[in-house]
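# Overview (structure and organization)
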4 protein chains.
Amino acid sequence: MLTLNNHPSGRHFLQIPGPTNVPDRVLRAIDQPTIDHRGPVFGALGLAVLEGVREVFQTRGPVVIFPSSGTGAWEAALVNTLSPGDRVLMVETGHFASLWRKLAGRLGLEVDFLEGDWRHPVDAAAIGARLADDAERRIKAVCVVHNETSTGVTSDVTAVRRAIDGAGHPALLMVDTISSLGSVDYRHDEWGVDVTVAGSQKGLMLPPGLAFNAVSEKALAAADTARLPRSYWDWREMLTANERGYFPYTPSTNLLYGLHEALAMLREEGLPQVFARHLRHARATRLAVAAWGLELLSLDPAAHSPALTAVVMPAGHGADAFRKTVLERFDMSLGQGLGKLADRVFRIGHLGHFNDLTLCGTLAGVEMGLAAAGVPHRPGGVRAAMDFLEG
Amino acid sequence: MLTLNNHPSGRHFLQIPGPTNVPDRVLRAIDQPTIDHRGPVFGALGLAVLEGVREVFQTRGPVVIFPSSGTGAWEAALVNTLSPGDRVLMVETGHFASLWRKLAGRLGLEVDFLEGDWRHPVDAAAIGARLADDAERRIKAVCVVHNETSTGVTSDVTAVRRAIDGAGHPALLMVDTISSLGSVDYRHDEWGVDVTVAGSQKGLMLPPGLAFNAVSEKALAAADTARLPRSYWDWREMLTANERGYFPYTPSTNLLYGLHEALAMLREEGLPQVFARHLRHARATRLAVAAWGLELLSLDPAAHSPALTAVVMPAGHGADAFRKTVLERFDMSLGQGLGKLADRVFRIGHLGHFNDLTLCGTLAGVEMGLAAAGVPHRPGGVRAAMDFLEG
Amino acid sequence: MLTLNNHPSGRHFLQIPGPTNVPDRVLRAIDQPTIDHRGPVFGALGLAVLEGVREVFQTRGPVVIFPSSGTGAWEAALVNTLSPGDRVLMVETGHFASLWRKLAGRLGLEVDFLEGDWRHPVDAAAIGARLADDAERRIKAVCVVHNETSTGVTSDVTAVRRAIDGAGHPALLMVDTISSLGSVDYRHDEWGVDVTVAGSQKGLMLPPGLAFNAVSEKALAAADTARLPRSYWDWREMLTANERGYFPYTPSTNLLYGLHEALAMLREEGLPQVFARHLRHARATRLAVAAWGLELLSLDPAAHSPALTAVVMPAGHGADAFRKTVLERFDMSLGQGLGKLADRVFRIGHLGHFNDLTLCGTLAGVEMGLAAAGVPHRPGGVRAAMDFLEG
Amino acid sequence: MLTLNNHPSGRHFLQIPGPTNVPDRVLRAIDQPTIDHRGPVFGALGLAVLEGVREVFQTRGPVVIFPSSGTGAWEAALVNTLSPGDRVLMVETGHFASLWRKLAGRLGLEVDFLEGDWRHPVDAAAIGARLADDAERRIKAVCVVHNETSTGVTSDVTAVRRAIDGAGHPALLMVDTISSLGSVDYRHDEWGVDVTVAGSQKGLMLPPGLAFNAVSEKALAAADTARLPRSYWDWREMLTANERGYFPYTPSTNLLYGLHEALAMLREEGLPQVFARHLRHARATRLAVAAWGLELLSLDPAAHSPALTAVVMPAGHGADAFRKTVLERFDMSLGQGLGKLADRVFRIGHLGHFNDLTLCGTLAGVEMGLAAAGVPHRPGGVRAAMDFLEG
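A quick note: this is a predicted structure, and the numbers were derived from the prediction, not measured.

Of all residues in chain A, 98% have pLDDT values of 70 or greater, and the mean over the chain is 97. Interface confidence for the predicted complex, expressed as ipTM, amounts to 0.97; the pTM equals 0.97.

What follows is the structure, encoded as structure tokens:
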């Protein structure tokens, strides 16, 4: 058996913004014998998870489950609805938005990329303006990231919807909720989203390996005419097989066991309470950052992420050396700076299966790590978080 | 927690030809906390599995691991090496070969499909003839299924290689080993295969969710010029990240734990012994079928599969009713007839984590099921298998 | 991690008459974090298992749960109710009855031991006679083994009860159900038993480590005056703490999780069905033994055990060499001959979490082992069992 | 499956002084199929754990492993070495020492009980004096608790040994290490202990269910003449069976799997590092208590326990209400006051599988709980601990 921890004692603190700490209940569910994916017991499982997962997306429409990473669900959203040379409007909220853009380019799409500084949410007005300019309706889809995992900035999807509607533009609205679903309030139907992209390893509290597309009727209609080549990601055979709880190719059975259990846990806690818990932990974390005298990457207070907090390192201090100290001294994994933020920020994940004392341990690890690594800061971050949490 | 078994007592017999019975060691390995996929411990895991899995493919070249079903590895083989409109030569060995063909068509490839009767292996001479006719070298790849999971027929890959070489044709050789890898002797390098396609849920003894491409240098070179759109399946970023044990997008961490353990188990038993064990169990199964007076679907004795055995139902008797009886009375899942074989054959999986007594229980379940379902047969199948096994 | 199987592939057949094959559901339940044994969640668990386990004993009275082996529950039965020098009447049904006698002797009790040939059940008439002779009522307890695990002979507890009543004797009736509880119909209350002794690792489908005493009011009254020294095994503090679901010293928390799950499984199947299943598998096994031309150790057809079958080796053939062959060739553990039966019998466990196909595999292992070890027999045992099972 | 946590999200903090947080590695080891306790694989397991556990006791002599709670190992120590009416000298260090005394009384021993205030360690001089007075050598054993789990006071066993030797007294020395073994430096051989008593659920990081006696040659000799009735706890059959790795009655197989893994973990970390870690966490905890302005129960700085810290509640504030607040608000279990300390102290466990950040989370839970429950204190405890830990 592989040794998964360099440290000899105690539980590792996995405080990257995903994969998150998988609950024991979910791990034990996954650790059950694989069954016949064409048999009656599987059919019941399939129906249960396909139905249950809709609650989390807050949709009454279909949710397609792929055996893949979340990245695959990005690809699926595009290849099911678009044709070679189609134009999509994307917004540079950070590293993952940039990766999605790159992916779109590789698939042969033309991308209008609204540039951003990786510190602000989507500018809905700019989207509206761009769409208004698109008299020929060449833009077929607007793609935004709900919660930018690389920056800790959450965008207002309803504002994007209003901008599209305001421009009277027929583009599809696609939203990446990989690090928000199950952590941040998100409403596929009410907000008029056409394709929602999600993964298993964040708020859904599963290991990585499942990806999701929630799909509107308009998106389904687009799939009928879309001409990008597609097979693995094709929604149509999926939806047909899903009707009876099955899948057109072998599904990731054991992760579906875990999904069944994770959905039960979310239901037991209740989504409103789940969202409130994330807001509370995010606020406590920001209070700690402020107390340390460090700078949040996110500059718009209305857009601070409930799921993670990205912290800017003081000038002259590398984030990676700091994270290495924290890992080696305190057995905690923090998120690294990605893309152009490499070595400049570290990210604290406070999403998924999480509670107050684990947050306090996490913040203590950051604060002691700052001291141990010689990073200028004021102590008092944990104290500030505790003052809030105990209130 | 989901109840995975309709039967109240005893262990389910999962004797479909995959997913196979996952060993407890592998399940427990998967049931470990997810770790940071960008941290040092993951890097060591990544290097270990990327290196270790090569032994099973019998290759010194790279093996790409996707978080996907085996179906995804079919798609990956094609999109990495081919361009829109390219012609591929495929061989109709059965349902899965037909699905691969369909997939190729959807991706915009032209398929030459050598028709077959689903009861014989690949006709290497026919391949040679077709390639010889292809004076313009329009055929870019020859795609064959090593072990047709729908029929229990294994093809001779070396004969295909010789046919290609005999024709002096530059086409790539792609082989689907989804239900043979880790069960049937297979040698990617020695046999001159360019892309080998595999999945986790058969001889590798894992749950479904991982897929593999072993890649030759010639295939890698083809990837440089191939123009089918690709992103998720792209080998290039994979191979770059794999150099240090990492992946370009979030990998299926917990299944990789299981792969690590499964590779250890295969190494402990030794591949030659693994292959011998499968041959022995397949022979015992065929002895039982003969004793029952039933007909093998596979007609060429040299091509009987070591991994599964497909049995033709006597005229007037449906396979699905029989399988239902076996499931309900004896808590065993048998493989159904697929595609045009629906209701006409049943398939006995005898691959993966398996031993003599489980085989005897399996054959007893078939034999008692035949009796219980009123299917004409002679008893004595279990006896015939035991005579062989005890020898 | 320890390697628990000498064989490289497939699931071990654990066909000793206990410990039995622990269901995955129970193992996963045990594999949950240990909790505070004095906290509210534990209290709810404690109440649930203390209440639920009564159903299995078919009693409305208290059942004491010890963190110990079944052997401890033998000791507990005696030390709670008896005083130094007290006389107990025991019956030599086999090895375990003999061990219980030895234990009683060590505790300072005088034992009247009704001799037996280890092939017959308890002779209730002999008990009645001995009690009738005991004019001074010096015998304080009659101790019998319900199902002799060493011989595969089940005794009629109701006959013993009638014999005691017939003699008008006040002795307590104590019954060892270690290998019958949860497998063979047993009714603590209806049959007028005073102390029932049981363990976790047989019909309750748990690993070893829990032991039980079901206790009548008469036994409780005896406990008030009994003078054998006792502390760990003392019922009184147990029962007081149990009222709110707790224990006077640290209980075996994780095995109690398993008990909770095992009780759920027994309830789902239903005790009548559980008992019928065991009777059916026992009969199939005896049909196999008869077909092999081998001799049952149990001589009284009315007393053949539903839980295990002991088979006498043909003269000149050692049971241990045979069992070694079966273990090495077929990866199955069979029960050895115990005490004076050493090397003369082998025992087939067919109890606990078990089903038809596992039984067929088991019997095939015995039959092939007989052939492989050169033990004279007729083939056809598996066939005979299948004829019965498929009916 | 039972729901083990009233809280909907995050990992429970089990910070009672045992049972401790069981590592995932140990839980997964326990979650393996039970095997034949008389077969060859078990023999290898048995030898491995019987040998390996000696390292933790720092002895070259035998260690007996019982399937029982630690309480059973107390009883075993006494019944194996003493006779009815023997006198033992015990020391009132706290609740558990008092329970051991009560147990001795129940077994029919006479107890000389050196009274104590539950806030100090064993007074070795008083022991020496009492032994010196015992001219007739009626005292057969001196029994002390190494680490009083109810008070957080650790006694100096070497001083007790010197006191016995100084008095030239032949009494056996018995030491309870239930909450110190594997956490606090302890040397059975070097310190001249005759019987060491231990349990599985503290520093050994297992669930409860195994208990231990390390036994000196002198203790073994005493067992030859001791006349307290004994059977389950008898060392002699144990030691005979242990020679080949087996046990005289069914052992707790699955917990032995866990012991095998726990021993591997202790070996990987190294006992000196394990002890240093506990000392460090204990010191950090005491710094927090001091910063809160609360009172340690332990009054002798040389005797503060490395494994747990008991904190005295300010007058007028009940510990149980405080602990309830902590459990309900922060999902952490703290140890209650036992016996005469009920409601007057709470105990923080910082032993077993533990690390810096879990300690910080634990102390944060205490500090926030004090605030939430309105218990007078100064904030700054977590800060004080962090100042020390980060140094």
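Time to look at the UniProt feature "domain: Aminotransferase class V" (unreviewed entry) in chain A. Mapped onto the present numbering, the UniProt feature "domain: Aminotransferase class V" (unreviewed entry) falls on residues 17-321 of chain A. In residues 17-321 of chain A, the share of helix is 41% and the share of strand is 16%. The end C-alpha atoms are 19 Å apart.

It is worth spelling out the interface of chain C and chain D at this point. Across the boundary between the two partners, chain C contributes 65 residues, which contact 65 residues of chain D. Interface area for chain C against chain D, summed over the two sides, is near 5,300 Å², with a carbon-plus-sulfur share of 60%. Here chain C is connected to chain D by six salt bridges. A salt bridge links glutamate 237 of chain D to lysine 102 of chain C; the shortest N-O distance between them is 3.0 Å.

It is worth spelling out the interface of chain B and chain A at this point. Contacts between the two partners involve 65 residues from chain B and, on the opposite side, 65 residues from chain A. Where chain B packs against chain A, one counts six salt bridges. Between aspartate 31 of chain A and arginine 28 of chain B there is a salt bridge, with its nearest N and O atoms 3.3 Å apart. At the boundary of chain B with chain A, the tally comes to 14 residue pairs in polar contact (both at pLDDT 80 or more). Secondary-structure elements contributing two or more residues to the side of chain B that touches chain A are helix H1 (24-30), helix H2 (40-57), helix H3 (70-81), helix H4 (95-106), helix H9 (253-269) and strand S13 (332-336) of chain B. The element contributing the most residues to the side of chain B that touches chain A is H9 of chain B, with six residues.

Turning our eyes to something else, we now look at the relation of the copies chain B and chain A. The transform that puts chain B on chain A rotates by 180° and translates by 0.0 Å along the axis, for an RMSD of 0.0 Å. Overall, the copies show the geometry of a two-fold rotation axis. Closest to the rotation axis within chain B is the C-alpha of serine 68 of chain B, separated from it by 2.4 Å. Here 100% of the interface residues in chain B have copies in chain A that are interface residues too; the copies meet face to matching face.

Glancing now at the sheet that holds strand S11 (residues 295-296) of chain B. Note on sheets: strands pair through backbone hydrogen bonds, and any given pair is parallel or antiparallel. Residues and elements named next belong to chain B. Spatially, five strands are ordered S1-S13-S14-S12-S11 in an open sheet, and the strand pairing comes out mixed. Each end of this open sheet is capped by a strand with a single partner; those strands are strand S1 (13-15) and S11. In the sheet, S11 pairs with strand S12 (residues 308-312) via two bridges, with the strands oriented antiparallel. Each bridged residue has a counterpart across the sheet, and for leucine 296 the counterpart in S12 is valine 311. In the packing of helix H11 (residues 319-330) onto the sheet, contacts are made with S13 and strand S14 (345-349), and the angle to S13 comes to roughly 165°.

Residue and element names in this part refer to chain A. Strand order in the open sheet made by the three strands is S11-S12-S14, with antiparallel pairing throughout. The sheet is open, and its two edges are formed by strand S11 (295-296) and strand S14 (345-349), each paired on a single side. Contacts from helix H10 (residues 271-292) reach S11, strand S12 (308-312) and S14, with the element oriented near 15° to S12.

For the rest of this paragraph, the subject is the pattern of salt bridges. Residue and element names in this part refer to chain D. Per the stated rule, a full pass over the model turns up 107 salt bridges over all chains. A salt bridge links glutamate 110 to arginine 138; the shortest N-O distance between them is 3.6 Å. Separated by 28 residues along the polypeptide, glutamate 110 in strand S4 (residues 110-114) and arginine 138 in the loop between helix H5 (124-133) and strand S5 (139-145) bring together distant segments of the chain. By relative accessible area, glutamate 110 is classed as partly exposed at 34%. The residue aspartate 234 makes a salt bridge to arginine 230 at a minimum N-O spacing of 3.3 Å. Both residues of the pair, aspartate 234 and arginine 230, count as buried.

Further remarks concern the side chain of aspartate 24 of chain B. Mapping aspartate 24 of chain B onto the fold places it in helix H1. The class for aspartate 24 of chain B is buried, based on a relative accessible area of 12%. Here arginine 11 of chain C takes part through its side chain, which lies 2.6 Å from a polar atom of the side chain of aspartate 24 of chain B.

Attention now moves to helix H9 (residues 253-269) of chain C. Residues and elements named next belong to chain C. Along its 17 residues, H9 runs 25 Å from first to last C-alpha, staying within 8% of the 24 Å computed at 1.5 Å per residue. The buried count for H9 comes to 14 of 17 residues, which makes it a mostly enclosed element. Residue glycine 270 follows H9 closely and has a positive phi angle near 90°.

Under the 1.5 Å per step criterion, the end-to-end length of helix H11 (residues 319-330) of chain D is 16 Å for twelve residues, consistent within 8% with the ideal 16 Å. Contacts from the buried residues of H11 of chain D go to helix H12 (356-372) and helix H13 (381-389) of chain A together with strand S13 (332-334), strand S14 (345-349) and helix H12 (356-372) of chain D. Aspartate 331 of chain D lies just past H11 of chain D and shows a positive phi near 55°.

Overlaying chain C on chain D yields an RMSD of 0.0 Å, the required transformation being a rotation through 180° with an accompanying axial translation of 0.0 Å. Comparing contact sets, 100% of the residues at the interface of chain C also lie at the interface in chain D, consistent with an isologous, same-surface contact.

The next thing to look at is the packing of aromatic side chains. The full count for this structure, using the stated rule, is 42 aromatic pairs over all chains. Considering the side-chain rings of phenylalanine 42 of chain D and phenylalanine 247 of chain D, the 6.1 Å spacing of their centres and the 80° angle between planes classify their relative orientation as edge-to-face. In this pair, phenylalanine 42 of chain D sits in helix H2 (residues 40-57) while phenylalanine 247 of chain D sits in the loop between helix H8 (235-242) and helix H9 (253-269), placing the two residues 205 residues apart along the sequence. With a relative accessible area of 0%, phenylalanine 42 of chain D lands in the buried category. The interplanar angle of 85° and the centroid separation of 4.8 Å between the aromatic rings of tyrosine 232 of chain D and tryptophan 233 of chain D together place this pair among those described as edge-to-face. The residues tyrosine 232 of chain D and tryptophan 233 of chain D share a single accessibility class, namely buried. One aromatic cluster in this structure is built from Phe66, Tyr232, Trp233 and Tyr249 of chain A together with Phe66, Tyr232, Trp233 and Tyr249 of chain B.

Thresholds, definitions, all that
Sequence positions are assigned chain by chain, starting from 1 and proceeding in written order. Naming scheme: in the order in which they are written, chains are lettered from A and ligands are numbered from 1. Local features in this predicted model are restricted to residues whose pLDDT is 70 or higher, and side-chain atom pairs enter the listing and the counts only when it is 80 or higher, whereas totals over whole chains, interfaces and linings include all residues. Here the side-chain values reflect all heavy atoms present in the structure, with hydrogen atoms and water set aside. Scored from 0 to 100, pLDDT reflects the predictor's confidence in each residue. UniProt positions are given in the numbering used here, feature names are shortened, and annotations may be inferred rather than shown by experiment. By the criteria applied, helices consist of DSSP H or I runs no shorter than four residues and strands consist of E runs no shorter than two, each listed in order from the N terminus. The contact rule is simple, with two residues in contact once any of their heavy atoms fall within 4.5 Å. As used here, buried area is the combined drop in accessible area, with a 1.4 Å probe, of two parts when they are placed together. A pairing counts as a salt bridge when a side-chain nitrogen of Lys or Arg comes within 4 Å of a carboxyl oxygen of Asp or Glu. Throughout this description, a polar contact denotes any pair of N or O atoms lying within 3.5 Å of each other; where both atoms belong to protein, one of them has to be capable of donating a hydrogen while the other can accept it, and for residues adjacent in sequence the pair is counted only when both atoms sit in side chains. What sets the superposition is a least-squares fit of C-alpha atoms, and only residues with pLDDT of at least 70 in both copies go into it. Strands qualify as paired when DSSP identifies two bridges or more between them. Whenever a helix is involved, its axis is fitted only over the stretch in contact; in every case the axis is a line through C-alpha atoms, and angles between N-to-C directions fall within 0 to 180 degrees. Burial classification: accessible surface area is computed with a 1.4 Å probe over protein chains only, and a residue below 20% of its type maximum counts as buried, one above 50% as exposed, and the rest as partly exposed. A helix is expected to span 1.5 Å multiplied by its residue count minus one. In this analysis, rings of Phe, Tyr and Trp, with Trp reduced to its six-membered ring, are considered paired at centre separations within 6.5 Å, and the interplanar angle assigns stacked below 30 degrees, edge-to-face beyond 60, and tilted for intermediate values.

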